[in-house]
Amino acid sequence: MSLRCNKTEMGETIKVTSQTKVSMRTGRKQTILNMVSSFISQLLSLGISFFLTPYIVSKLGAAAYGFFGLSNNIIGYTALLTVALNSMSGRFIAVEYHKGEYVEANRYLSSTVLANCCMAIFIVLVLGIITLFLEQILNIPQDIVLDVKFLFTLLFVNSAFGLCTGVFGMPMFIKNRYDISNTMGVCMNIFRVTLIIIAYGFFPAHLWYIGAVGLIVSIIHTAWYYYFYCKMVPEFAIRLSFFQARKVWEMVREGAWNLLSQFSSILNQGLELLLANLFIGAYYMGILSITKSLPFVILGIFAGLGCNFHPECVKYYAEGNMDSLRNLLIKGIRILGALAVIPCAGVFVLGDLFYSLWMPGQNTNLLYGLSVITMAWILTTLPTQTLWYIFTLTKTVKKSSIVLVRYGIAFVVTVIIAMLLIEDDLTKLYFVVSVQSILGIIRFMTFLPSYSSKVLGLPRYTFLKPLVGVIYTCAIVCGIGFLLKYFFIHEYSWFTLVIGALVITLVSLGVSSLTILTKTDRDFILTRILKIKKIRISA
């Protein structure tokens, strides 16, 4: 078995020629380019979710829509089987590559791919059996049982496919060329929404269309990734002879605590839909899924933006340049924080107006109330997306994982006890969301900033100060927003909502430029971002 893109090999030595067409880029310009392209890609995803969610809910109903979110959560549970390996494989491969040890990098690469393929087969078999008896495990309305089963099957196959081929996206990290992957993401999102519109516009509505479109898009996306994989890293070769079980064990051993971290993430953020389905019902699970859709797309946008800082973090850490690393992380919190104020303040101030227009057939007050509670903890996590990578970078994930698991267990145990004691379904729903939000705020305001400072040898409050500034700024923007809303918004219409959103955006940017961003940040944005059009992508 061999999968390679170059032929220049002799024995154990892999020679590299001028075949490498896409070079690595570093520095501020590339970081900004990565961020802008990521923001555009994720913003398109937000737009797709904005238009498709009410469309699908109107076609299928809130209960049916909830199973799409639940199926994705269940797929996340399967990541526990591979996270120990995949959370560290990129680091090992990238380090060896940057050292020029291409043979060693290929051993890590091949070991990762072959191990993932074996796990993908196992996952498909296990989830296939679960799908056969799905209606006996979950509360599924009788009229959509087959739809839900088919959706789960397609999503499980797509997940296994991604597990086997995910390595083809690794060169974007190694070469710090997220701008390329983000551009591909934009194209694939446009293609995806086109297919979904065709499916739901010209054929009888079925829930499984979402899964079918996702699988088609994944196959095409992977083909593009493979093309750039060949161009960017011709030194790489996936071969059975390169596989070494001890390499797999080395990566798993280093990433073992990331398994606990992933487990804690599932406990804290991935069980609410399942708990709602089991203890409250399919309808309220669907309502909860609707309120989670936009906040979690926003979270995905900021997670993508945060990833654009990772290549520079690796570079500074490898060089031992801790001052530059600290400055980069703080700058990341400030920039992401300034951006985070916009959607959070927008939901707090205009959420009721938004839901009355976006979901006219649903309970607007319920959707708004649940979203406000959710966005309270989302506000504290959006600016910190640059910090989580510190634990992987410094191989200090043990304590962070243990602490996060404790938070997760506290959430699950508290919710289950409450579900057994509370009789009213609506109260149960609010309780689930409230407990999740309270624990999230505590986690992101205490443990994350203090422990990430500690592992880097920095003062305890290094990262907390800019985070507090973000919350303070959001409070100011919300105060201004509510006053403007009270005096000027007297009717609910899309025009009023758009004008209100623009005003919130301008107020957020204006206040943030004074309370969050430093003069250096403002100069940085003016001199770099405004010149972004001058940057050319070489290929």
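Residues numbered from 1 in each chain as written. Predicted model: local features only at pLDDT ≥ 70, side-chain atom pairs only at ≥ 80, totals over all residues. Heavy atoms only, no water.

Student: Account for the overall build of the protein, with residues named and values stated.
Tutor: Each helix and strand in the protein was counted, giving 21 helices and four strands. Split into buried and exposed, the 539 residues of the protein put 55% on the buried side. Across the protein, contacts joining residues at least 24 apart in sequence account for 86% of those joining residues at least 6 apart. As displayed, the protein has an accessible area near 23300 Å², and 67% of this comes from carbon and sulfur atoms. (Helix = DSSP H or I, 4+ residues; strand = E, 2+ residues; numbered from the N terminus. Buried < 20%, exposed > 50% of the residue type's maximum accessible area, 1.4 Å probe, protein only. Contact = heavy atoms within 4.5 Å. Areas by Shrake-Rupley, 256 points an atom, 1.4 Å probe, with all protein chains shown as cover.)

Student: Explain the side chain of serine 111 to me, and be specific about the residues and the numbers.
Tutor: Note on placement: serine 111 falls in helix H4 (residues 102–132). Within the local environment of serine 111, its side chain forms a polar contact with the backbone oxygen of arginine 107, the two atoms lying 2.6 Å apart. Filtering out sequence-adjacent residues up to four positions away, serine 111 remains in contact with Phe242, Phe243, Gln244, Lys247, Val248 and Met251. (Polar contact = N/O pair within 3.5 Å; in protein donor to acceptor, adjacent residues only side chain to side chain.)

Student: Just give me the short version of the environment of leucine 267, but keep the residues and values in it.
Tutor: In this fold, leucine 267 is placed in helix H10 (residues 245–269). Owing to a relative accessible area of 8%, leucine 267 belongs among the buried residues under this scheme. Distance from leucine 267 to alanine 410, taken between C-alpha atoms, is 9.0 Å for residues 143 residues apart in sequence.

Student: Describe a nonpolar patch on the surface, with residues and values.
Tutor: Among the surface-exposed residues, Ile480, Leu483, Leu484, Tyr486, Phe487, Phe488, Phe495, Val498, Ile499, Leu502 and Val503 lie close enough to one another that they form a single nonpolar patch of about 1100 Å² accessible area. When contributions to the nonpolar patch are tallied by element, the ones reaching two or more residues are helix H19 (464–488) and helix H20 (494–515). Considering each element in turn, the nonpolar patch owes the most residues, six residues, to H19. Within the secondary structure, leucine 502 sits in helix H20. (Patch = residues over 30% accessible without salt bridge, like charges linked within 9 Å, V, L, I, M, F, W, Y side chains within 5 Å. Salt bridge = Lys/Arg side-chain N within 4 Å of Asp/Glu carboxyl O.)

Student: Give a detailed account of the state of the cysteines, specifying residues and quantitative values.
Tutor: Tallied over the full model, the rule gives zero disulfides. With no disulfide partner, cysteine 474 has as its closest neighbouring cysteine sulfur the one in cysteine 478, 4.1 Å distant. Judged by its relative accessible area of 10%, cysteine 478 is buried. (Disulfide = S-S within 2.5 Å.)

Student: Quick rundown of the pattern of salt bridges? Include the residues and the values.
Tutor: Side chains carrying opposite charge are able to pair once their charged atoms draw close together. Taken as a whole and judged by the stated rule, the model has six salt bridges. Salt-bridge contacts for arginine 107 lead to glutamate 104; the nearest nitrogen and oxygen are separated by 3.1 Å. Placement of both arginine 107 and glutamate 104 in helix H4 is noted, with a separation of three residues, approximately one turn of the helix. The salt bridge partner of lysine 315 is glutamate 319, with a shortest N-O separation of 3.2 Å. Of the two residues, lysine 315 and glutamate 319 are both situated in helix H13 (residues 310–319); the distance of four residues between them amounts to about one turn of the helix. Residues participating in the shared-partner salt-bridge network are Glu104, Arg107 and Lys247.

Student: Lay out the packing of helix H3 (residues 83–99) against H10 with the relevant residues and their values.
Tutor: At a minimum axis distance of 6 Å, the contact between H3 and H10 shows a crossing angle of 120°. Taken together, the axis directions place H3 and H10 in an arrangement best described as oblique. Remark: the crossing between H3 and H10 carries right-handed chirality. Seen from H3, the contacting residues are Val83, Ala84, Leu85, Ser87, Met88, Ser89 and Phe92; seen from H10, they are Val248, Glu250, Met251, Val252, Glu254, Gly255, Ala256, Asn258, Leu259 and Gln262. (Axes fitted to C-alpha atoms, helices over the stretch in contact; angles between N-to-C directions. Parallel < 35°, antiparallel > 145°, perpendicular 65-115°, else oblique. Left-handed = near helix turned anticlockwise from the far one by under 90°.)

Student: So what's going on with the packing of aromatic side chains? Residues and values would help.
Tutor: Scanning the entire structure with this criterion turns up 26 aromatic pairs. Between tyrosine 226 and tyrosine 229, the aromatic rings sit 5.8 Å apart at their centres with planes inclined by 25°, giving stacked as the arrangement. Placement of the pair is tyrosine 226 and tyrosine 229 together in helix H9 (residues 209–232), with a separation of three residues, close to one helical turn. In textbook terms, an aromatic cluster arises when at least three aromatic residues are bridged by ring pairs, as seen for Phe296, Trp377, Trp388, Phe391, Phe444, Phe447 and Tyr451. Between arginine 443 and the ring centre of tyrosine 407, over which it is positioned, the NZ or CZ distance is 5.9 Å. (Phe/Tyr/Trp six-rings, centres within 6.5 Å; stacked < 30°, edge-to-face > 60°. Lys NZ or Arg CZ within 6 Å of the ring centre and 35° of its normal.)

Student: Account for the nonpolar core, with residues named and values stated.
Tutor: One finds Phe67, Phe236 and Phe463 to be the most contacted residues of the largest nonpolar core, which totals 153 residues. Tallying contributions element by element places helix H14 (residues 322–358) first for this core, with 19 residues. Setting aside residues up to four positions removed in sequence, phenylalanine 463 forms contacts with Arg326, Leu329, Ile330, Ile333, Leu387, Ile390, Pro449, Ser452, Ser453, Leu456 and Leu458. (Core = buried A, V, L, I, M, F, W, Y, C linked by side-chain atoms within 4.5 Å.)

Student: Got a sec to walk through helix H11 (residues 272–279)? Specific residues and values, please.
Tutor: Within H11, six of the eight residues are buried, which leaves the element mostly enclosed by the surrounding structure. The set of residues buried in H11 consists of Glu272, Leu273, Leu274, Leu275, Ala276 and Asn277. Lining the buried residues of H11 we find helix H2 (62–78), H10, helix H12 (282–307), helix H17 (397–421) and helix H18 (425–455). Note on H11: the residue one or two positions beyond its end, glycine 281, has a positive phi of about 140°.

Student: Run through the confidence of the model for the protein, naming residues and quoting values.
Tutor: Overall, the prediction assigns the protein a mean pLDDT of 82, with 89% of residues at 70 or greater. Contacts for the low-pLDDT stretch residues 7–21, under 50 throughout, to residues beyond four places or in other chains number 29 contacts. (pLDDT = per-residue confidence, 0-100.)

Student: Lay out the environment of threonine 112 in plain terms, naming residues and giving numbers.
Tutor: Residue position: threonine 112 is located in helix H4. The class of threonine 112 is buried, set by a relative accessible area of 3%. Along the sequence, threonine 112 and serine 89 sit 23 residues apart, while their C-alpha atoms lie 6.8 Å from each other. Aside from chain neighbours lying at most four places away, what touches threonine 112 is Leu85, Asn86, Ser89, Ile93 and Met251.

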